[in-house]
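Chains, contacts and geometry: an overview
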Amino acid sequence: EEAQSVVASGPLKGKTLHELWTDYREQVFGQISAPPDRDPGRESRSLPNRFPLLIKLLDAREKLSLQVHPPTEVAARFGGEPKTEFWYVAGADPGAELYVGLRAKTTVDEFRRALDAGTAADHLHILRVKAGDGMFLPSGRFHAIGGGNLLVEVQQNSDTTYRVFDWNRVDDSGKPRQLHVEQALASIDFSDVRPDLVQPDGETLVRHELFEVQKWDLRRAREIAAPGQFAIVCCLTGGASCAGTAIGPGEFMLVPASLADRQVDQLTSGTSILRITIPV
């Protein structure tokens, strides 16, 4: 609620993304099915009352805290929300790292002792990354972003994060950052050892019930989605346009489901985009 995108131009200029979702849903987003409930004993969930995705740019100048997002059942226990997400590395300094999962099999008690001793970093799986890499982060996979990374984050619309380790840093008054150790230990998947970067399947980087992300190298005009389906475009390099709207690197556009002109084209050579949508 505190971070609303606002329509920049056109007949709905000034409307928030939430207003589009609640008042213009079929016109803008078409027919979207709710993801299936993982509990086979219950009926499928209804669509959420807010747009189900958050898409962010994360510009990490230094290491961020080690954190985890709770799985559904743990989130319910602590009054939070689950979150699954995907990182696309849009830019990375030489030697930039991501910290994802465990380096070796570790028990909850072993990790708790490492936290108490300030040695939790010894248990982390470290990946060197470069522009173009991607990482899928299901809820329960603990993670931190190293300094020198510029990421596009596509995530479930949730703001529940449990910080478990902050590299033993303290503020100017000598106090450590607030952590959520018990919630985090209940959320972490301790069988998640040495997860790998995503391996693209053609243009598809990740396809999940919550979102699909593709990377396109635009060399000609292409239909961004079938009529009746929406898509969000993130320009990575060059420049892209659709229906008279142009975007450059780091900018986004939402192509409505009802838009007649659905062709996205390059403005310059070397244009690449992320195509983000919800599978139907």
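Our subject is the structure that appears above.
Each value, and the rule that gives it
- Residues numbered from 1 in each chain as written.
- Predicted model: local features only at pLDDT ≥ 70, side-chain atom pairs only at ≥ 80, totals over all residues.
- Heavy atoms only, no water.
- Buried < 20%, exposed > 50% of the residue type's maximum accessible area, 1.4 Å probe, protein only.
- Helix = DSSP H or I, 4+ residues; strand = E, 2+ residues; numbered from the N terminus.
- Arc of directions from axis to C-beta.
- Contact = heavy atoms within 4.5 Å.
- Pairing = 2+ DSSP bridges.
- Axes fitted to C-alpha atoms, helices over the stretch in contact; angles between N-to-C directions.
- Disulfide = S-S within 2.5 Å.

1. A few points about helix α4 (residues 108-117)
Considered for burial, the residues of α4 that qualify are Phe111, Ala114 and Leu115. Buried positions in α4, seen along its axis, are confined to an arc of 100° and lie on one side of it. α4 presents Arg113, Asp116 and Ala117 as exposed residues on the side facing more than 90 degrees away from its buried surface. Considering only its buried residues, α4 is in contact with β2 (66-68), β9 (162-165) and α5 (181-187). Among the residues trailing α4, Gly118 stands out with phi positive, at a value near 75°.

2. A look at unusual backbone geometry
Phi at Asn168 takes a positive value of approximately 60°, unusual for a residue other than glycine. In this structure, Asn168 sits in the loop between β9 and α5. Taking the relative accessible area as the measure of exposure, Asn168 reaches 54% and is therefore exposed. Residue Arg194 is not a glycine yet carries a positive backbone phi of 50°.

3. Here's the deal with the pairing of strand β18 (residues 271-277)
In summary, the side chains of a regular strand alternate between the two faces of the sheet. Counting buried residues along β18, seven of its seven residues qualify, which places the element largely inside the surrounding structure. Burial of β18 is two-sided: the residues Thr271, Ile273, Arg275 and Thr277 facing one way and the residues Ser272, Leu274 and Ile276 facing the other way are all buried. Bridge count between strand β11 (residues 212-218) and β18: seven bridges; the pairing is antiparallel. Counted as the bridge partner of Trp216 is Ile273 from β18. By the bridge criterion, five bridges tie strand β13 (residues 231-237) to β18 in an arrangement that is antiparallel. Within β18, the position partnered with Thr237 by the bridge is Ser272.

4. Topic: the sheet that holds strand β1 (residues 53-60)
A sheet is described by the order of its strands in space; here four strands give the open sequence β1-β8-β3-β6, paired in antiparallel fashion. Of all the strands in the sheet, just β1 and β6 (134-137) have a single pairing partner and so form its edges. Each adjacent strand pair in this sheet contributes to an overall mean axis angle of 20°, direction not counted. Sheet topology note: the β1/strand β8 (residues 149-156) ladder contains eight bridges and is antiparallel. Bridging across to β8, Asp59 finds its partner in Leu150.

5. Looking at the state of the cysteines
Counting across every chain of the model gives zero disulfides. Cys234 carries a free sulfur, and the closest cysteine sulfur to it, the one in Cys235, is 7.1 Å from it. When its relative accessible area of 1% is taken as the criterion, Cys234 is described as buried. With no disulfide of its own, Cys242 lies closest to Cys235 among cysteine sulfurs, the gap being 13 Å. Residue classification places Cys242 among the buried residues on the basis of a relative accessible area of 4%.

Everything listed here is a matter of geometry and, on its own, says nothing about what the molecule does.
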